[in-house]
Amino acid sequence: MNKYIVIAAVVAMLTATSCEQKKDDGAATMLAEIEQLYEQGNYNAALDSIKLLRVRYPKAIAERQRALRIWQEASLKAAQQDIALTDSALQAVTAQMQAETRIYERNMLGVKKDSLQVRYEALIGEVRIIRKRMEESPQNRE
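Residues numbered from 1 in each chain as written. Predicted model: local features only at pLDDT ≥ 70, side-chain atom pairs only at ≥ 80, totals over all residues. Heavy atoms only, no water.

**Here's the deal with the packing of helix H3 (residues 61-99) against helix H4 (residues 103-136)**
Operational definition: Under this scheme, a helix contributes an axis fitted over its contacting stretch, all axes are lines through C-alpha atoms, and angles between N-to-C directions fall in the 0 to 180 degree range. Each helix is a run of H or I in the DSSP string that is no shorter than four residues. Each strand is a run of E no shorter than two, and both are numbered from the N terminus. Angles are sorted into four bins: roughly parallel if under 35 degrees, roughly antiparallel if over 145, roughly perpendicular if 65 to 115, and oblique for all others. Take the far helix as the reference: if the near one is turned anticlockwise from it by less than a right angle, the crossing is left-handed, and if turned clockwise, right-handed.
The contact between H3 and H4 brings their axes to 8 Å, and the two run at 160°. Here H4 runs roughly antiparallel to H3, going by the angle between their axes. For H3 against H4, the interelement crossing comes out left-handed.

**Things to note about the pattern of salt bridges**
Applied cut-off: The rule for a salt bridge is simple: a side-chain nitrogen of Lys or Arg has to be within 4 Å of a carboxyl oxygen of Asp or Glu. Type-normalised accessible area, obtained with a 1.4 Å probe on protein chains alone, sets the label of each residue: buried when under 20%, exposed when over 50%, and partly exposed for intermediate values.
By the definition in use, this model includes 5 salt bridges. In this structure, Arg119 and Asp82 form a salt bridge, with 2.6 Å as the shortest nitrogen-oxygen distance. Taken together, the residues span a long stretch of sequence, with Arg119 in helix H4 and Asp82 in helix H3 at a distance of 37 residues. Accessibility expressed as a relative area gives 40% for Arg119, which makes it partly exposed.

**Things to note about the confidence of the model for the protein**
Formally: Confidence of the prediction at every residue is given by pLDDT, a number between 0 and 100. Note on contacts: a residue pair qualifies if any of its non-hydrogen atoms lie within 4.5 Å across the two residues.
Of all residues in the protein, 80% attain a pLDDT of 70 or more, and the chain-wide mean is 85. pLDDT under 50 marks residues 17-21. Its contacts with residues more than four places away, or in other chains, come to 1 contact.

**With respect to the packing of helix H2 (residues 43-56) against H3**
Packing of H2 against H3 leaves a shortest axis separation of 9 Å and a crossing angle of 150°. Taken together, the axis directions place H2 and H3 in an arrangement best described as roughly antiparallel. As H2 packs across H3, the resulting crossing turns out to be left-handed. Facing Tyr43, Asn44, Leu47, Ile50, Lys51, Leu53 and Arg54 of H2, the residues of H3 in contact are Glu63, Arg64, Ala67, Leu68, Ile70, Trp71, Ala74, Ser75, Lys77, Ala78 and Gln81.

**Quick notes on the nonpolar core**
So the rule is basically this: Here, nonpolar core refers to any group of buried Ala, Val, Leu, Ile, Met, Phe, Trp, Tyr and Cys residues whose side-chain atoms link them within 4.5 Å.
Counting residues in each nonpolar core, the largest one holds 17 residues, and the members touching the most others are Ile34, Leu53, Tyr57 and Ile70. Of all the secondary-structure elements, those providing two or more residues to this core are helix H1 (2-39), H2 and H3. Ranked by the residues each element gives to this core, the list is headed by H1, at 6 residues. If we ignore the near neighbours within four places in the chain, the residues touching Ile34 are Ala46, Ser49, Ile50, Leu53 and Ile70. Formed by 7 residues, the second largest nonpolar core is a distinct cluster that contains Leu76, Ile83, Leu123 and Ile130.

**Quick look at the packing of aromatic side chains**
So the rule is basically this: Within 6.5 Å between ring centres, the rings of Phe, Tyr and Trp (the latter by its six-membered ring) count as paired, and their orientation is classed by plane angle as stacked under 30 degrees, edge-to-face over 60, tilted in between. To sit over a ring, a charge needs its Lys NZ or Arg CZ within 6 Å of the ring centre and within 35 degrees of the ring normal.
Evaluation of the coordinates by the stated rule reveals 1 aromatic pair. Note on Tyr38 and Tyr43: the rings are 5.5 Å apart at their centroids and 55° apart in plane angle, and the pair reads as tilted. The same class applies to Tyr38 and to Tyr43, which are both buried. Of note, Arg54 hangs over the ring of Trp71, and the distance from its end group to the ring centre comes to 4.7 Å.

In structure tokens:
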């Protein structure tokens, strides 16, 4: 009877080990897809995939560390793209506002300009924070 218990324990251990290896392979595959999304410039999809990687593979430490670096870089690039779009919109609204002669429309454009200005400044702050965290990251200390 004891033999059967020992055999069952060994089989269970081997099965668990093979499942862990399969999980790590899945994390590596997912990380490769994340890297490809990042290289293609699809930053939001890469960020979403990293969130999924964290949930599905909490024990895949090496993959999660690499994903953290990609997360920081993708967040930075996405924020920089958003800054460029916001800046363009801000310049367009400013030009419209200066050309507008009607008071009500000019005031409404002023509200829109103020909103865009706040967004622009918030994005600049976000980029500063991301850069600071990237500098403080343990991966950069090595």
